[in-house]
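Here is how the chains run, residue by residue.
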Amino acid sequence: MRKRHQNPRLAKIHRSYTVDEVADLYRVAKNTVRHWIKQGLPTCDSKRPMLVLGNELNNFHEKRRIKNKRPCLLDEIYCVRCRTPKKPAAGMVEYQAITPTSGNLVAICPDCETLIYRCISKINIPRIPYPIHILLPQPHLHIVESLKPSVNSDFRTEAKPHVKIQS
Ligand SMILES: [Zn+2]
């Protein structure tokens, strides 16, 4: 199952919940709740059935949310779908130049197979620990322009885009 963030304000802070009720509240499996408990979600051990305080539930999810917000390492690209930094699938990365000095690293998320992007300065490319396939800036710009509806009058001169792009 995909890991997702839970609302850190969902539980009522003065209530206590059984494992069943927690599962219902967050619409997750009971096993997921047990997993949270193993990962440090506090319970009231003296009571049966096991109870979890709403306040503790909220704290637990808030802490997780912050923990998952870590920045990408050099060999990672953030996946918006998994909401966490990922290493590119098969170590394959493309660099698409946007400007002469910067562009996007493009790869595929190994878990959900979504395209993942990361903005990078061209100067930092040698620091990325993967072989990178570099796409040339001009054909890329040309493709983007021709896909866009020409709202901006500057982009209407598609017949001679290479003249326009070169600065
Ligand atoms: Zn993903």
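Look a little higher up for the structure.
A brief report on the enclosed structure follows. (Residues numbered from 1 in each chain as written. Predicted model: local features only at pLDDT ≥ 70, side-chain atom pairs only at ≥ 80, totals over all residues. Heavy atoms only, no water.)

1. Looking at the nonpolar core
Line of reasoning, step 1. Judged by nonpolar contacts, the single largest core of 15 residues is most densely connected at Cys79, Tyr95, Leu105, Cys109 and Ile116.
Line of reasoning, step 2. When contributions to this core are tallied by element, the ones reaching two or more residues are β3 (77–79), β5 (93–97), β6 (102–108) and β7 (115–121).
Line of reasoning, step 3. If you tally residues by element for this core, the top one is β5, at three residues.
Line of reasoning, step 4. Tyr95 has contacts with Thr101, Ser102, Gly103, Asn104, Leu105, Ile120, Lys122, Ile125, Ile132, His133, Ile134 and Leu135, leaving out every residue within four places of it along the chain. (Core = buried A, V, L, I, M, F, W, Y, C linked by side-chain atoms within 4.5 Å. Buried < 20%, exposed > 50% of the residue type's maximum accessible area, 1.4 Å probe, protein only. Helix = DSSP H or I, 4+ residues; strand = E, 2+ residues; numbered from the N terminus. Contact = heavy atoms within 4.5 Å.)

2. So, the environment of Thr99
Line of reasoning, step 1. Its place among the elements puts Thr99 in the loop between β5 and β6.
Line of reasoning, step 2. Taking C-alpha positions, Thr99 is 9.1 Å from Lys122, a pair spaced 23 residues apart along the chain.

3. Observations concerning the packing of aromatic side chains
Line of reasoning, step 1. On inspection of all chains with the given rule, the structure shows two aromatic pairs.
Line of reasoning, step 2. Ring centres of Tyr26 and Trp36 lie 5.4 Å apart, and the angle between their planes is 90°; on these two criteria the pair is classed as edge-to-face. Placement of the pair is Tyr26 in helix α1 (residues 19–26) and Trp36 in helix α2 (residues 30–38), with a sequence separation of ten residues. Residues Tyr26 and Trp36 agree in their burial class; the two are buried.
Line of reasoning, step 3. Centre to centre, the rings of Trp36 and Phe60 are 6.3 Å apart; their planes meet at 45°, and the pair counts as tilted. In this pair, Trp36 is assigned in helix α2 and Phe60 in helix α3 (residues 54–68), connecting sequence segments 24 residues apart.
Line of reasoning, step 4. The structure contains a cluster of three or more aromatic residues connected by ring pairs, namely Tyr26, Trp36 and Phe60.
Line of reasoning, step 5. The side chain of Arg15 reaches across the aromatic face of Tyr17, ending 4.4 Å from its centre. (Phe/Tyr/Trp six-rings, centres within 6.5 Å; stacked < 30°, edge-to-face > 60°. Lys NZ or Arg CZ within 6 Å of the ring centre and 35° of its normal.)

4. Considering the coordination of the zinc ion
Line of reasoning, step 1. The coordination sphere of the zinc ion contains the protein donors Cys79 (SG), Cys82 (SG), Cys109 (SG) and Cys112 (SG), at a distance range of 2.3 Å.
Line of reasoning, step 2. Angles of 102 to 113° at the metal separate the four donor atoms of the zinc ion, which places the site in the tetrahedral class.
Line of reasoning, step 3. For the zinc ion, the single-chain donor residues occur in sequence as C-x2-C-x26-C-x2-C. Here Cys112 lies in the loop between β6 and β7 and Cys82 lies in the loop between β3 and β4 (84–86), a separation of 30 residues in the sequence. Accessibility assignment for this pair places Cys82 and Cys112 in one class, buried. (Donors = N, O, S within 2.8 Å, 3.2 Å for Na, K, Ca; no water. Tetrahedral: all angles 85-135°; square planar, octahedral: opposite > 155°, others 65-115°.)

5. Things to note about α2
Line of reasoning, step 1. The complete set of buried residues in α2 reads Thr32, Val33 and Trp36. Angularly, the buried residues of α2 cover 100° about the axis, an arc narrow enough to put them on a single face. Seen from the buried face of α2, the exposed residues on the opposite side, beyond 90 degrees, are Asn31 and Lys38.
Line of reasoning, step 2. Of the residues one or two after α2, Gly40 is the one with positive phi, at around 120°. (Arc of directions from axis to C-beta.)

6. Considerations on α1
Line of reasoning, step 1. Within α1, burial applies to Val19, Val22, Ala23 and Tyr26. The buried residues of α1 occupy an angular sector of 100° when projected down its axis, which confines them to one face.
Line of reasoning, step 2. Residue Arg27 follows α1 closely and has a positive phi angle near 55°.

7. Quick look at unusual backbone geometry
Line of reasoning, step 1. In this structure, Ala90 is a non-glycine residue whose phi angle is positive, near 60°.
Line of reasoning, step 2. Here Ala90 lies in the loop between β4 and β5.
Line of reasoning, step 3. Although it is not a glycine, Glu113 sits at a positive phi angle of roughly 65°.
Line of reasoning, step 4. Inspection of the secondary structure assignment puts Glu113 in the loop between β6 and β7.
Line of reasoning, step 5. Here Glu113 falls in the exposed class, since its relative accessible area comes to 67%.

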